[in-house]
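Coordinate analysis (summary)
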Amino acid sequence: MTFAGILAFFGLAVLTMDVLGGVIAIGVMLRGGTARHLLAFAGGYTVIIIAATLILRPLLALLHRWLQPVLDSNNAIGTVELVVGLTLAAFSVHQFRDASRPPTPGGRLEQHSTPKRLATAPLVLAGVGFSATALADPGFTIAVGMASQEQHLLRHVALLVLWNLVYQLPLVAVITAAAFGRHEQLVTRVMEVLGPRRRALQTVLATLLALAGITVLGDGVIALLSEHVPWLRQLLLLR
């Protein structure tokens, strides 16, 4: 994989980063969970992701042959970009509306969370269920496809492992903090930073989504009206 391909590969992990894993991990900590419980949750997630990756790689190779006419068509990829752009714009509108709502009464999250004894097995199953968020993310499929272009097995595996670590960085951060006994400080800091700034952060996120949607939508329109090669196709062709 070229340097440009690596930048696009890990840039995709950053752009599609799954913050839900970190939120769930913090919730587990607030309910009396330990590093062992978080590892059980991450273990259930990891098993499904590994299995899905092993299945997805040959499936993508087969689909590539079937979808080659689509991948070679600027109009088809441009149309996909139109759909993606409109979806991003819709998400931005949702975020703008959510940010405009006043915060719900009820106090801090800690007041809703009573520490109690947690079982490990349900957390493993929760991790299995949580893996659906990654499997439903188109970024995951694109990442597996991009990594499969690397023929050297060790580099191929390393790329996928690093991509998933970046993709689940919030979850990894909470697990690391718990392993060193720093999770309480992390949870407190997150609550202090994010709580009062919820509306501002949601507005920033909505703005970024709107800009991304307009950019992708515009690129799709240009591709449909000219000979311009869509950015999505350029990404898929990176080596």
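Above: the structure in question.
Since the structure is predicted, the reported quantities are computational estimates derived from the model, not experimental observations. (Residues numbered from 1 in each chain as written. Predicted model: local features only at pLDDT ≥ 70, side-chain atom pairs only at ≥ 80, totals over all residues. Heavy atoms only, no water.)

Focus on the nonpolar core
F9, M29, L38 and W163 are the most contacted members of the largest nonpolar core, which has 32 residues in total. Broken down by secondary-structure element, the contributors of at least two residues to this core are α1 (3-15), α2 (20-30), α3 (35-71), α5 (120-135), α6 (138-147), α7 (153-167) and α8 (169-179). The leading source of residues in this core is α3, at 7 residues. Among all residues touching L38, those that are not within four sequence positions of it are A25, V28, M29, V174, I175 and A178. (Core = buried A, V, L, I, M, F, W, Y, C linked by side-chain atoms within 4.5 Å. Buried < 20%, exposed > 50% of the residue type's maximum accessible area, 1.4 Å probe, protein only. Helix = DSSP H or I, 4+ residues; strand = E, 2+ residues; numbered from the N terminus. Contact = heavy atoms within 4.5 Å.)

Details of the packing of aromatic side chains
Per the stated rule, a full pass over the model turns up 5 aromatic pairs. Ring geometry for Y45 and F130: centres 5.3 Å apart, planes at 35°, overall tilted. Linking Y45 in helix α3 with F130 in helix α5, this pair joins segments that are 85 residues apart in sequence. For the pair shown, Y45 and F130 are each scored as buried. (Phe/Tyr/Trp six-rings, centres within 6.5 Å; stacked < 30°, edge-to-face > 60°.)

Concerning the packing of α7 against α8
α8 packs onto α7 with a crossing angle of 80° between their chain directions and a minimal axis gap of 5 Å. It follows from the interaxial angle that α7 and α8 lie roughly perpendicular. Residue-level inspection shows L165, V166 and Y167 of α7 in contact with α8, the latter providing L169, P170 and V172. When its residues are assigned to classes, the contact of α7 with α8 shows 6 nonpolar, no polar and no charged. (Axes fitted to C-alpha atoms, helices over the stretch in contact; angles between N-to-C directions. Parallel < 35°, antiparallel > 145°, perpendicular 65-115°, else oblique. Nonpolar A, V, L, I, M, F, W, Y, C, P; charged D, E, K, R; others polar.)

Comments concerning the layout of surface pockets
Here the second largest pocket defines a volume of roughly 500 Å³. What lines the second largest pocket is a set of 18 residues, and nearest its centre among them are T46, I49, I50, V161 and N164. Contributing elements (two or more residues each) for the lining of the second largest pocket: α3, α7 and α8. Residue contributions to the lining of the second largest pocket peak at 8 residues, all from α3. Considering only residue class, the lining of the second largest pocket consists of 12 nonpolar, 5 polar and 1 charged. (1 Å grid on protein atoms, 1.4 Å probe; cavity = no way out; pocket = protein on both sides within 12 Å on 5 of 7 lines; lining within 4 Å. Points joined across faces, edges and corners; volume = space filled by probe spheres on them.)

Focus: α1
Under the 1.5 Å per step criterion, the end-to-end length of α1 is 18 Å for 13 residues, consistent within 8% with the ideal 18 Å. Considered for burial, the residues of α1 that qualify are G5, F9, L12 and A13. All buried residues of α1 fall inside an arc of 100° around its axis, so they share one side. Relative to its buried face, α1 has exposed residues pointing more than 90 degrees away, namely F3 and L15. For α1, the secondary structure elements touched by its buried residues are α6 and α7. (Expected span 1.5 Å × (residues − 1). Arc of directions from axis to C-beta.)

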